[in-house]
Amino acid sequence: MIDQRRLPREQVFVTCGTYQEMADAITTMVIRGAPAIGVAAAMGVALGIQQGADFDTVCSTLAATRPTAVNLFWAIDRMKTLRATLNGASRETIVLRMIEESQQIRLEDIAICKAIGKHGASLVPDGRTVLTHCNAGALATAGYGTALGVIRAAVEAGKKIDVFADETRPFLQGARLTAWELQQDHIPTTLITDNMAGHFLRSGRIGCVVVGADRIAANGDVANKIGTYSVAVLAKENGVPFYVAAPVSTFDLTLESGDQIPIEQRAASEVTEMFGVPVAPENIAVQNPAFDITPSRYVTAIICEHGVARAPFKQSLGALAGGAKKVNA
Ligand code: MRU
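What counts, and where the lines are drawn
Residues numbered from 1 in each chain as written. Predicted model: local features only at pLDDT ≥ 70, side-chain atom pairs only at ≥ 80, totals over all residues. Heavy atoms only, no water. Pairing = 2+ DSSP bridges. Helix = DSSP H or I, 4+ residues; strand = E, 2+ residues; numbered from the N terminus. Axes fitted to C-alpha atoms, helices over the stretch in contact; angles between N-to-C directions. Contact = heavy atoms within 4.5 Å. Phe/Tyr/Trp six-rings, centres within 6.5 Å; stacked < 30°, edge-to-face > 60°. Buried < 20%, exposed > 50% of the residue type's maximum accessible area, 1.4 Å probe, protein only. Lys NZ or Arg CZ within 6 Å of the ring centre and 35° of its normal. Left-handed = near helix turned anticlockwise from the far one by under 90°. Nonpolar A, V, L, I, M, F, W, Y, C, P; charged D, E, K, R; others polar. Parallel < 35°, antiparallel > 145°, perpendicular 65-115°, else oblique.

Colleague: Could you clarify how one ought to interpret the sheet that holds strand β4 (residues 206-211) in this entry?
Modeller: An order of β3-β2-β1-β4-β7-β12-β13 is seen for the seven strands of this open sheet, with the pairing classed as mixed. One side of each edge strand has no neighbouring strand; the edge strands of this open sheet are β3 (189-192) and β13 (307-309). Adjacent strand axes in the sheet meet at a mean angle of 25°, parallel and antiparallel pairs treated alike. Bridge count between strand β7 (residues 242-245) and strand β12 (residues 301-304): three bridges; the pairing is parallel. Bridging from a neighbouring strand, A245 pairs with I303 of β12. Docked against the sheet, helix α7 (residues 173-184) engages β1 (129-132), β2 (162-166) and β3, running at close to 165° with respect to β2.

In structure tokens, the structure reads:
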């Protein structure tokens, strides 16, 4: 995997040979983004099986890496379900099947992102600017992206759009990753700091906002990168549609509302330092929640691989998650 901490300055690839290395890569954000950490966790489980490690320890180690994105737990559960069907099989067969399953999850994720793009492209107004927050692109998935998948599909459909990317303090996923990804694809992109979003939403320039998600509760509340909530409120205030693009594996319909979603707290140094250089006085108190909850009343629609859900989300999300046909890799 590409080491996302070092982008855009250098493209360095990291190889994980053990489940412990995979868990470390997820915790330290070598790889990040909800669907991508799901794929990584599945591959971590396969590595653990290959190492002959205790299965429960492998699963609990990977599950303890990051708490908010539900795709991580979804992927581990899928690997557990397969493992349970292989009792009595030879060690060779178990290793092979677990590796195959993790690769299948990876391939499915690319197909799912393409399907999200197809459903979302028609919602993007032609000739306008799309605002996005954080990175919900190819880097955050197995490829193509969710929010950036919608943008890519709109461009592929011939729409003349450009993108405003919020820099996304404190980890700078927007500046370092989204700006880099879209530039590679020659999609016209303008980088803004997070506190400029309200100004541009009010200006009439932004045609819609498209973001990804880390977990979506049954009532349509959305956990996504810190700062998403402010963008959603400002979008509604200014009459700009706010779209969330995410696979069904990001839905957590066991949770009634976003209040039940665990929010990861990260190190104070992410706020007090930039690339190792202090930008705040020593010993200042710091809060660093990595995600926030956007209540569903601010969400115009949720785009998944099976279609587009609108309020009331309790019904529409349930129907899309349960009744829809499978997207094949
Ligand atoms: O902390 P990160 O970088 O893993 O957070 C990523 C996000 O919040 C993304 O918007 C989300 O995971 C969707 S990625 C398709």
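Colleague: For this particular structure, what's the right way to read the packing of aromatic side chains?
Modeller: Given two aromatic rings, one states the distance between the centres and the angle between the planes to describe the pair. Summed over all chains, the structure comprises two aromatic pairs. Their ring planes at 80° and their centres at 4.9 Å tell us that F164 and F200 sit as a pair that is edge-to-face. Of this pair, F164 sits in strand β2 while F200 sits in helix α8 (residues 197-202), placing them 36 residues apart in sequence. Judged by its relative accessible area of 2%, F164 falls in the buried class. A cation sits over an aromatic face here: K114 above Y144, 5.2 Å from the ring centre.

Colleague: Looking at this model, I keep getting lost on the packing of helix α2 (residues 34-51) against helix α4 (residues 71-85). Mind explaining?
Modeller: Two numbers describe a pair of packed helices, the interaxial angle and the distance between the axes. At a closest axis distance of 7 Å, the pairing of α2 and α4 adopts a crossing angle of 35°. The handedness of the crossing between α2 and α4 comes out as right-handed. Within the contact between the two elements, α2 uses A34, P35, I37, G38, A41, A42, V45, A46 and I49 and α4 uses N71, L72, A75, I76, M79 and R83. Its residues placed into classes, the contact of α2 with α4 shows twelve nonpolar, two polar and one charged.

Colleague: Help me out: how do you make sense of the packing of helix α1 (residues 19-27) against helix α3 (residues 55-63) in this one?
Modeller: With their axes 9 Å apart at the nearest point, α1 and α3 run at an angle of 15° to one another. What the angle tells us is that α1 and α3 run roughly parallel. Considering how the two elements wind past one another, α1 and α3 form a crossing that is right-handed. Where α1 approaches α3, its residues Y19, M22, A23 and I26 are matched on the opposing element by T57, V58, T61 and L62. Counted by class, the contact of α1 with α3 contains six nonpolar, two polar and no charged residues.

Colleague: Is there a simple way to think about the sheet that holds strand β5 (residues 215-217) in this case?
Modeller: Hydrogen bonds between backbone groups are what pair the strands of a sheet, and the pairing can be parallel or antiparallel. Ordered by their spatial adjacency, four strands build an open sheet running β8-β5-β6-β11, and the pairing between neighbours is mixed. With one partner strand each, in any of the chains shown, β8 (251-252) and β11 (291-294) form the two edges of the open sheet. Alignment of strand β6 (residues 222-225) against β11, held across four bridges, turns out to be antiparallel. Note that in β11 the partner of K225 across the bridge is F291.

Colleague: I keep staring at unusual backbone geometry and nothing clicks. Help me out?
Modeller: Comment: phi is negative for the bulk of residues other than glycine, and the bulk of peptide bonds are trans. Across the junction of L7 and P8, the peptide omega takes the value 0°, indicating a cis bond. Along the chain, P8 turns up in the segment before α1. Cis geometry marks the peptide bond from A311 to P312, where omega comes out at 0°. Along the chain, the position of P312 falls in the loop between β13 and α11 (313-323). The backbone of T168 shows a phi angle near 70°, a positive value even though the residue is not glycine.

Colleague: How should the environment of A197 be read in this particular structure?
Modeller: You can see A197 is positioned in helix α8. Taking the C-alpha atoms as reference points, A197 and I31, 166 residues apart in sequence, are found 26 Å from one another. Apart from residues lying up to four places away in sequence, A197 is in contact with L131, D166, I192 and V231.

Note that all results are geometric; they support no functional claim without further evidence.
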